[in-house]
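A look at the structure
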Amino acid sequence: FFLGMEKLVVCPYKRPNALYRLICFPWAGGGTSQLAQWGKLFSSSVEVSSVRLPGRESRRKEPFAKDMATVVNEITSALLKELQEKPFAFFGHSFGSYISFAVALHLKEKYGLEPFHLFLSGAHAPHSEAFLPIKTVSISDTKDEDILKYIEILGGTPSELLQSEDIKQQLILTFREDLRVLQTLSFEKAERNIPFSCDITCFNGSEDKSHDVKAWHDLTSGDISFYELPGGHFYLLEPSNEIFLTKHITKCIENAGL
């Protein structure tokens, strides 16, 4: 069990005495390097960790997850004990937002556990019309060079990495597989059923395409707020935005009054 945890969760700045946990979920094709480093930007009251999916970094030899349910079950079983011990919040960017949502939903429905705050970045609400095109794009028909072009347009991948054929192929493969997982996310919002009661904060880059974030309103009875930060899809990698995000998340955590 402990090994499962170490494999799946990366926490370079361990804080066993922290009052809160912030679990981060990376973007499609992404690993844990950036978000796990957020640990050093938070005060000692918050322990930050990042989720690592199979098929990348130290799990590169493992087969990719085949669907969202597999991802959710693996994350939940590795984290459940930890999440029952102290209050936790989730931060997800893009693909990571959808995973954090799916994990939160599973925890709520199955264990009555809920993050006290969901921080979502660069993502549509999963039941909105805007999410449908993502679900219908045919991945198997998409050429490698089109995926690469898309990755380049999104940004977030240092261009020197794309010079290496090996890294480039691995990135295209990982992105493709992550997209495949994302397409298996099925969430139908039932009438009058509001799944969450936690607060939700949505972030977006000002130059990124606009996301249907308003629809997140339907998913919680808690407060919801929206922030637009300068930059494109990977606005969160800009040091000034990173400082804003970590300060803002800290403020939300401290004001939660848990």
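The structure under discussion appears in the preceding block.
The following refers to the structure shown. (Residues numbered from 1 in each chain as written. Predicted model: local features only at pLDDT ≥ 70, side-chain atom pairs only at ≥ 80, totals over all residues. Heavy atoms only, no water.)

**Focus on the sheet that holds strand β3 (residues 46-51)**
Spatially, β1-β3-β2-β4-β5-β6-β7 is the arrangement adopted by the seven strands of the open sheet, whose pairing is mixed. The open sheet has two edge strands with one neighbour each: β1 (9-10) and β7 (224-229). Contacting β1, β2 (20-25), β3 and β4 (88-93), helix α3 (residues 68-85) runs over the sheet at an angle of about 160 degrees to β2. Across the sheet, helix α4 (residues 95-111) lies against β2, β4 and β5 (117-121), angled at about 150 degrees from β4, the strand it touches most. (Pairing = 2+ DSSP bridges. Helix = DSSP H or I, 4+ residues; strand = E, 2+ residues; numbered from the N terminus. Contact = heavy atoms within 4.5 Å. Axes fitted to C-alpha atoms, helices over the stretch in contact; angles between N-to-C directions.)

**Points about the environment of Glu-82**
Structurally, Glu-82 is set in helix α3. Separated by 77 residues in sequence, Glu-82 and Met-5 place their C-alpha atoms 9.8 Å apart. Each residue touching Glu-82, except ones within four places of it in the same chain, is listed here: Met-5 and Arg-21.

**Section: the packing of helix α6 (residues 144-154) against helix α7 (residues 165-183)**
Pairs of packed helices are described in terms of their axes, by the angle between the two and the distance that separates them. At a minimum axis distance of 10 Å, the contact between α6 and α7 shows a crossing angle of 90 degrees. If you check the angle between α6 and α7, you find them roughly perpendicular. Mapping the contact onto sequence places Asp-144, Ile-147, Leu-148, Tyr-150, Ile-151 and Leu-154 in α6 and Lys-168, Gln-169, Leu-171, Ile-172, Phe-175 and Arg-176 in α7. The class makeup of the residues in the contact of α6 with α7 is eight nonpolar, one polar and three charged. (Parallel < 35°, antiparallel > 145°, perpendicular 65-115°, else oblique. Nonpolar A, V, L, I, M, F, W, Y, C, P; charged D, E, K, R; others polar.)

**Brief notes about the state of the cysteines**
With the rule as written, the count across this model stands at zero disulfides. Summary of cysteine pairing: Cys-24 is not part of a disulfide, and the nearest cysteine sulfur, belonging to Cys-11, is at 10 Å. Since its relative accessible area comes to 0%, Cys-24 is described here as buried. Cys-198 carries a free sulfur, and the closest cysteine sulfur to it, the one in Cys-202, is 11 Å from it. (Disulfide = S-S within 2.5 Å. Buried < 20%, exposed > 50% of the residue type's maximum accessible area, 1.4 Å probe, protein only.)

**Comments concerning the pattern of salt bridges**
Going through the model one piece at a time under the given rule, you end up with 15 salt bridges. As a salt-bridge pair, Glu-85 and Arg-21 come within 3.4 Å of each other at their nearest N and O atoms. Linking Glu-85 in helix α3 with Arg-21 in strand β2, this pair joins segments that are 64 residues apart in sequence. Residue classification places Arg-21 among the buried positions, given a relative accessible area of 8%. Take Glu-85: its relative accessible area is 44%, and that puts it in the partly exposed class. In the salt-bridge network here, residues are joined through shared partners; they are Arg-21, Glu-47, Lys-81, Glu-82 and Glu-85. (Salt bridge = Lys/Arg side-chain N within 4 Å of Asp/Glu carboxyl O.)

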